[in-house]
Amino acid sequence: MFSYIFMKLLENRPERYDKGIDILSWGHAKKIRRMIVQICIKPRMEILDIGCGTGSLIIDAANAGAIATGLDISTGMLGVAQKRITNSGMQDRVILYNAGVTEIDSLFKENSFDLIISTLVFSELYAEERALALNQIKKILKPNGILVIAVEVQPEKLLKKIIHFLVRSPLAILTYIFAQTGTKAITGISEEISASGFNITGEDRSFLDSFTVLSAQKPAVDGPDEIVLPGTRKPKDDFSLIKSVWDYIGRWFPNPVEPGLRTIGEPDRNSPVMLTSNFHLTVRRVERSLKGENVFLLVAPANGINVWCASCGGELNTHSVITVIKTSRINERVDHRRIILPQFSAPGIDRSFLKKETGRTALFGPAYSKYIPLFLEKQNTVYEHNKAEFPLLFRLEMLLSMNFIVWFVMGIITLFIKPNMLFPLSAFFWTTGFMLYAGFPLIPGKSGWLKAAILSVIEVVAIAVFSVFILHMPLFSHWEMMIIVSALNIWLGFDVRGIVAGDPSEAEWLMNKLGMASFGHLFSSGVFSLGRIHQDITKCNNCRICFMVCPKGVFGIVDKRKVRIQKQRDCFACNACVSQCTEGALSLT
């Protein structure tokens, strides 16, 4: 339980992952690895470790004589694993793959492995994803092959359930606060494994029965797979009033809905297939925009983050799109092979790999869901509605959603320290926030920090003037208020440029300078780029994909057909055009 709760925190530091997991699990994680190797591994056995992480288990398995294959979706984890494999001299006995769990059927032939292991992975998968993964695992296991799964589960006995809840809840809350992600213990994992056609051969529970190591065997003679299409949801099937409120006051944190397939109206085998991320607010807005249409809507796993942030941050990527296409069995529901992706997803999507894995040709729709009906009617309208918009209403929405929790915490602290200051501090906080967010285009300067500093100077001077000429007090008699005012302005302007203008994040620039990797899913210095877009016109075939996916209007059409960079200074290095250019004509330098 402890190992999984904190796993998300440690994944940001892959080189410390194993040590951290062993400490937080009181050595239990290491014992599980040793137990699997000692009991299950035999010389010349071919094994697959799904979610191999930093490679500890597969290296131990290779040392025990196995031919080991590791698979993980995290490039950071695999980087550490590859170094360890090289240092241990196991390059000829260990192979690594960067892929998601639902892609194993395209990587490996049927009956390839004697043993497949998965530790602390199935807790991260949603139900349809687990079902598909188990089905694919069964295919690539040899007859009588063994599957070993270590996973967090719900205890069955009432007392242990209560204790588990009391212990787990604060840890889950801390994980949500610091890593901006959630965790979920599985119920009925043994039933899911049995339903997939495996024979359960053993189960070992520990940590208040909240952690289990299950072993199962593939039958020697496997029957034919029964094709059962997973269910679909209708709009509002997973509507939540709490989530709807959280959409507007808790934008710091993910707000996920269950990934999967939604049907809008009465779609048939020729209806469009569209995709979005599993952020609650995004799903609700897309569903509203599609009212009156007959459409299949795929909701991809993106950790409950909006499309643009999830794509640039690596949460909404080709793997997650492949996952929802496969788990929904959409290819068996429609006759065509097109999928319409959100324009803001372009930085994270490899269209050629997507087509190779799913057979689907990706098209990019408009930037905002409100333009989808027009796009469905006339697809070339994407060129007219592909720009990021930052109107006043949006800026005020972001003022509330990005600052409510800060104001709430500030208010609680103020109530305990100096209750009579709650109202004036709150009034100042929201008034200054309104001036900064609503007046962002009008305040001098391009930097959000500079705009906030200008407001601070004006407000500090106003306090000083009020003290001297109205209250007849010394100039700095309210110096505490001046410091508080300046501190609040620093906060309000911390990343306002990235939030309300779609410009490069100054917060990520600062983190990059300080050598910080990330702050949960909010800021990641790894995606920050000071580069500018450059075009090699000798390679450009004028396909217009860059013109279509650029959210800032950097590209334009000259001589009626040629696509050229026209507003290079507006580029904020989102990498969308570079990712989608099939000719290699674009680069960030």
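Enquirer: Teacher, can you tell me more about the overall build of the protein here?
Expert: For the protein, the helix and strand inventory stands at 23 helices and 18 strands. The proportion of buried residues among the 589 residues of the protein is 51%. Across the protein, the fraction of contacts at a sequence separation of at least 24, relative to all contacts at a separation of at least 6, is 67%. In the structure as shown, the protein presents an accessible area of about 27500 Å², 61% of it carried by carbon and sulfur atoms.

Enquirer: Please clarify how the side chain of T102 should be interpreted in this entry.
Expert: Structurally, T102 can be placed in the loop between β3 (94–98) and α6 (104–107). Setting aside chain neighbours within four positions, we find T102 in contact with E129, L132, Q136, T323, K326 and T327.

Enquirer: In this structure, what is going on with the environment of V468? I would like to understand it.
Expert: The residue V468 is located in helix α18 (residues 448–470) in this model. Every residue in contact with V468, bar those within four places of it in the chain, is listed here: M473, P474 and L475.

Enquirer: Help me understand the pattern of salt bridges, please; the structure alone is not making it clear to me.
Expert: A side chain of one charge can pair with a side chain of the opposite charge when the charged atoms of the two come close. Summed over the entire model, instances satisfying the criterion amount to 16 salt bridges. Between D238 and R262 there is a salt bridge, with the nearest N and O atoms lying 2.2 Å from each other. In this pair, D238 sits in the loop between β7 (211–217) and α10 (241–249) while R262 sits in strand β8 (residues 260–264), placing the two residues 24 residues apart along the sequence. Look at R262 and you get buried, because its relative accessible area is 0%. Among the salt bridges present, the one from E287 reaches R284, with a minimum N-O distance of 3.0 Å.

Enquirer: Sorry if this is basic, but what is going on with empty space enclosed by the protein here?
Expert: If you roll a probe as big as a water molecule over the atoms, it shows you where there is empty space left. The full count for this structure, using the stated rule, is four cavities of 30 Å³ or more. There is about 100 Å³ of room inside the largest cavity. Around the largest cavity sit 14 residues that line it, and C550, V554, C571, C574 and C577 are the ones nearest its centre.

Enquirer: Could you clarify how one ought to interpret the pairing of strand β11 (residues 338–341) in this entry?
Expert: Consecutive residues of a regular strand have side chains that alternate between opposite faces of the sheet. Here β11 runs beside strand β12 (residues 361–364); their pairing, made up of four bridges, is parallel. Across the sheet, residue R338 finds its bridge partner in β12, namely T361. Note on the crossover from β11 through helix α14 (residues 351–358) to β12: the handedness is right-handed.

Enquirer: What exactly am I supposed to notice about α18 here?
Expert: In an α-helix, one turn spans 3.6 residues, which is why side chains three or four residues apart end up on the same side. End to end, α18 covers 32 Å across 23 residues, agreeing with the expected 33 Å (1.5 Å per residue, within 8%). Among all positions in α18, only G448, K451, A452, L455, S456, E459, I463, A464 and S467 are buried. Once α18 finishes, H472 follows within two positions and takes phi at roughly 55°, a positive value.

Enquirer: I keep staring at the pairing of strand β1 (residues 46–50) and nothing clicks. Help me out?
Expert: For β1, the buried fraction is high: four of the five residues fall into the buried class. Across five bridges, β1 lies against strand β2 (residues 67–72) in parallel orientation. The residue of β2 that forms the bridge with E46 is I67. Following the backbone out of β1, through helix α4 (residues 56–63) and into the adjacent parallel β2, one traces a crossover that is right-handed.

Enquirer: Would you mind going over the nonpolar core with me for this structure?
Expert: One finds L275, L298, V321, I339, L341 and F555 to be the most contacted residues of the largest nonpolar core, which totals 62 residues. Tallying contributions element by element places strand β10 (residues 295–300) first for this core, with six residues. Setting aside chain neighbours within four positions, we find L341 in contact with L275, V321, I349, L354, A362, L363, F364 and G365.

Enquirer: Would you mind showing me how to read the state of the cysteines here?
Expert: Note on terminology: disulfide describes a covalent bond linking the sulfur atoms of two cysteines. Under the defined criterion, the tally for this structure stands at zero disulfides. Sulfur of C543: no disulfide; nearest cysteine sulfur belongs to C546 and is 6.2 Å away. By relative accessible area, C543 is classed as partly exposed at 40%.

Enquirer: Explanation requested: the sheet that holds β1 in the structure shown.
Expert: Strand pairing in a sheet relies on backbone hydrogen bonds, with the paired strands running either antiparallel or parallel. A sheet is described by the order of its strands in space; here seven strands give the open sequence β3-β2-β1-β4-β5-β7-β6, paired in mixed fashion. The sheet is open, and its two edges are formed by β3 and β6 (199–206), each paired on a single side. Taking each pair of neighbouring strands and ignoring which way they run, the sheet shows an average axis angle of 15°. Bridge count between strand β4 (residues 113–119) and strand β5 (residues 141–152): six bridges; the pairing is parallel. Across the sheet, F113 pairs through a bridge with L141, a residue of β5. The sheet strands contacting helix α7 (residues 127–140) are β1, β4 and β5, and the helix crosses β5 at an angle near 145°.

Enquirer: Looking at this structure, I do not really get the packing of helix α16 (residues 392–417) against helix α19 (residues 479–492). What am I missing?
Expert: Between two packed helices, the angle of one axis relative to the other and the distance separating the axes together describe the packing. At a closest axis distance of 11 Å, the pairing of α16 and α19 adopts a crossing angle of 150°. Judged on the interaxial angle alone, α19 and α16 are roughly antiparallel. Crossing of α16 against α19: the hand is right-handed. Across from M402, N403, V406 and M410 in α16, the residues of α19 making contact are L488, W491 and L492. For the contact of α16 with α19, a count of residues per class yields six nonpolar, one polar and no charged.

So, how was this worked out
- Residues numbered from 1 in each chain as written.
- Predicted model: local features only at pLDDT ≥ 70, side-chain atom pairs only at ≥ 80, totals over all residues.
- Heavy atoms only, no water.
- Helix = DSSP H or I, 4+ residues; strand = E, 2+ residues; numbered from the N terminus.
- Buried < 20%, exposed > 50% of the residue type's maximum accessible area, 1.4 Å probe, protein only.
- Contact = heavy atoms within 4.5 Å.
- Areas by Shrake-Rupley, 256 points an atom, 1.4 Å probe, with all protein chains shown as cover.
- Salt bridge = Lys/Arg side-chain N within 4 Å of Asp/Glu carboxyl O.
- 1 Å grid on protein atoms, 1.4 Å probe; cavity = no way out; pocket = protein on both sides within 12 Å on 5 of 7 lines; lining within 4 Å.
- Points joined across faces, edges and corners; volume = space filled by probe spheres on them.
- Pairing = 2+ DSSP bridges.
- Right-handed = clockwise from strand over helix to strand, strands pointing away.
- Expected span 1.5 Å × (residues − 1).
- Core = buried A, V, L, I, M, F, W, Y, C linked by side-chain atoms within 4.5 Å.
- Disulfide = S-S within 2.5 Å.
- Axes fitted to C-alpha atoms, helices over the stretch in contact; angles between N-to-C directions.
- Parallel < 35°, antiparallel > 145°, perpendicular 65-115°, else oblique.
- Left-handed = near helix turned anticlockwise from the far one by under 90°.
- Nonpolar A, V, L, I, M, F, W, Y, C, P; charged D, E, K, R; others polar.

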